[in-house]
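Here is how the chains run, residue by residue.
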Amino acid sequence: MRKAIVRLVTLSRWAMVPLFAGLSVALALLVVAFLLELVRFAIALPSMNETHVIMGILTLIDLALVGGLLVVVIASGYENFVEKIDRADTPSSPVWMTRISFSGLKLKLFASLMAITGITLLKALMRLETDVSETQVRWLVVANIIFVAAYGVLAVTDRFHPSSRED
């Protein structure tokens, strides 16, 4: 009975594969959204003022950061939860893809989320005079402070964990 339970638990990791495949599809959809946004931006560029140009660029950066976040989650999640990725099968893949631990994954995710919320806050500050309320900006500032505090706590606790030294 014990062996059957261990076997079931071990095999259950394969249930994550459809989730990572779905995230890969989401990444492809994000690429399409990025390209559409880039075309819209390029078409509207001649009539834009500098604030709108900066907002367009920040939107593209935001989409790229979300794409990077998806890549980190897909690659390291598969590596950490399903099976190791053989570098011989993927020689052109970045080294971090086969060496990131769960602890490193958490730090990368938090860093990406902080960058995304920072860009969202910057975009809101730029639109403050037109269509964003001070209350919305305050909540974005609170969210950024919470992310920074949580990242700091995570980094400090990881620093004292013996296995986190490899990241």
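Rules used in this analysis
- Counting restarts for each chain, with residues numbered from 1 along the sequence as it is written.
- Side-chain atom pairs in this predicted model are given and counted only at pLDDT of 80 or more, local residue features only at pLDDT of at least 70, and totals for whole chains, interfaces and linings cover all residues.
- Side-chain figures throughout are based on the complete set of non-hydrogen atoms in the structure, without hydrogens or water.
- A helix here means a DSSP run of H or I that spans at least four residues, while a strand means a run of E at least two residues long, and both kinds are numbered starting from the N terminus.
- Residues count as neighbours in contact if any of their non-hydrogen atoms are within 4.5 Å of one another.
- Only the protein chains shown count as cover for residues, and all accessible areas are computed by the Shrake-Rupley method using a 1.4 Å probe.
- By salt bridge we mean one thing: a side-chain nitrogen of Lys or Arg within 4 Å of a carboxyl oxygen of Asp or Glu.
- In this analysis, a patch consists of residues with relative accessible area above 30% that form no salt bridge, clustered at 9 Å for like charges and at 5 Å for the nonpolar side chains Val, Leu, Ile, Met, Phe, Trp and Tyr.
- Here the term buried applies to any residue with accessible area under 20% of the maximum for its type, exposed to any over 50%, and partly exposed to those in between, with areas from a 1.4 Å probe on protein chains only.
- pLDDT gives the predictor's per-residue confidence on a scale running from 0 to 100.
- A fitted line through C-alpha atoms serves as each axis, taken over the contacting stretch for helices, and the angle formed by two N-to-C directions is quoted from 0 to 180°.
- What sets the label is the angle itself: under 35 degrees gives roughly parallel, over 145 gives roughly antiparallel, 65 to 115 gives roughly perpendicular, and the rest give oblique.
- Helix crossings fall into two classes, left-handed where the near helix is turned counterclockwise from the far one by less than a right angle and right-handed where it is turned clockwise.
- Residues are grouped as follows: nonpolar covers Ala, Val, Leu, Ile, Met, Phe, Trp, Tyr, Cys and Pro; charged covers Asp, Glu, Lys and Arg; every other residue, Gly included, is treated as polar.

(A) Summary view of the overall build of the protein. The helix and strand inventory of the protein stands at five helices and zero strands. Across the protein, every contact between residues at least 6 apart in sequence was considered, and the portion connecting residues at least 24 apart equals 69%. Entry remark: accessible area of the protein is about 11,100 Å², with carbon and sulfur atoms responsible for 71%.

(B) Local environment of the pattern of salt bridges. All chains considered together, the criterion is met by one salt bridge. Glu37 is the partner of Arg40 in a salt bridge, and the nearest nitrogen-oxygen pair spans 3.2 Å. With Arg40 and Glu37 both in helix 2 (residues 17-44) and three residues apart, this pair spans about one turn of that helix.

(C) Spotlight on a nonpolar patch on the surface. A cluster of nonpolar side chains, contributed by Met1, Ile5 and Val9, occupies part of the molecular surface with about 360 Å² of accessible area. Among the secondary structure elements, Met1 is positioned in the segment before helix 1 (2-11). The exposed category is assigned to Met1, whose relative accessible area is 80%.

(D) Highlighting the confidence of the model for the protein. On average, residues of the protein score 81 in pLDDT, and 84% of them reach the 70 mark or higher. By mean pLDDT, the top-scoring element of the protein is helix 2 (96), and the lowest-scoring one is helix 4 (residues 102-126) (75).

(E) Spotlight on the side chain of Thr59. As for its position among the elements, Thr59 is in helix 3 (residues 50-81). The contact partners of Thr59, leaving out residues within four places of it in the chain, are Glu37 and Lys123.

(F) Summary view of the packing of helix 2 against helix 3. For the pair helix 2 and helix 3, interaxial distance at closest approach is 10 Å and the crossing angle is 165 degrees. Between helix 2 and helix 3, the interaxial angle falls into the category roughly antiparallel. In this structure, the crossing between helix 2 and helix 3 has a hand that is left-handed. Each residue belonging to the contact of helix 2 with helix 3 can be placed in one class, and the counts come to 21 nonpolar, six polar and one charged.

(G) Structural context of the environment of Thr51. Within the element layout of this structure, Thr51 appears in helix 3. In this structure, the C-alpha to C-alpha distance between Thr51 and Lys123, residues 72 residues apart in sequence, is 9.6 Å.

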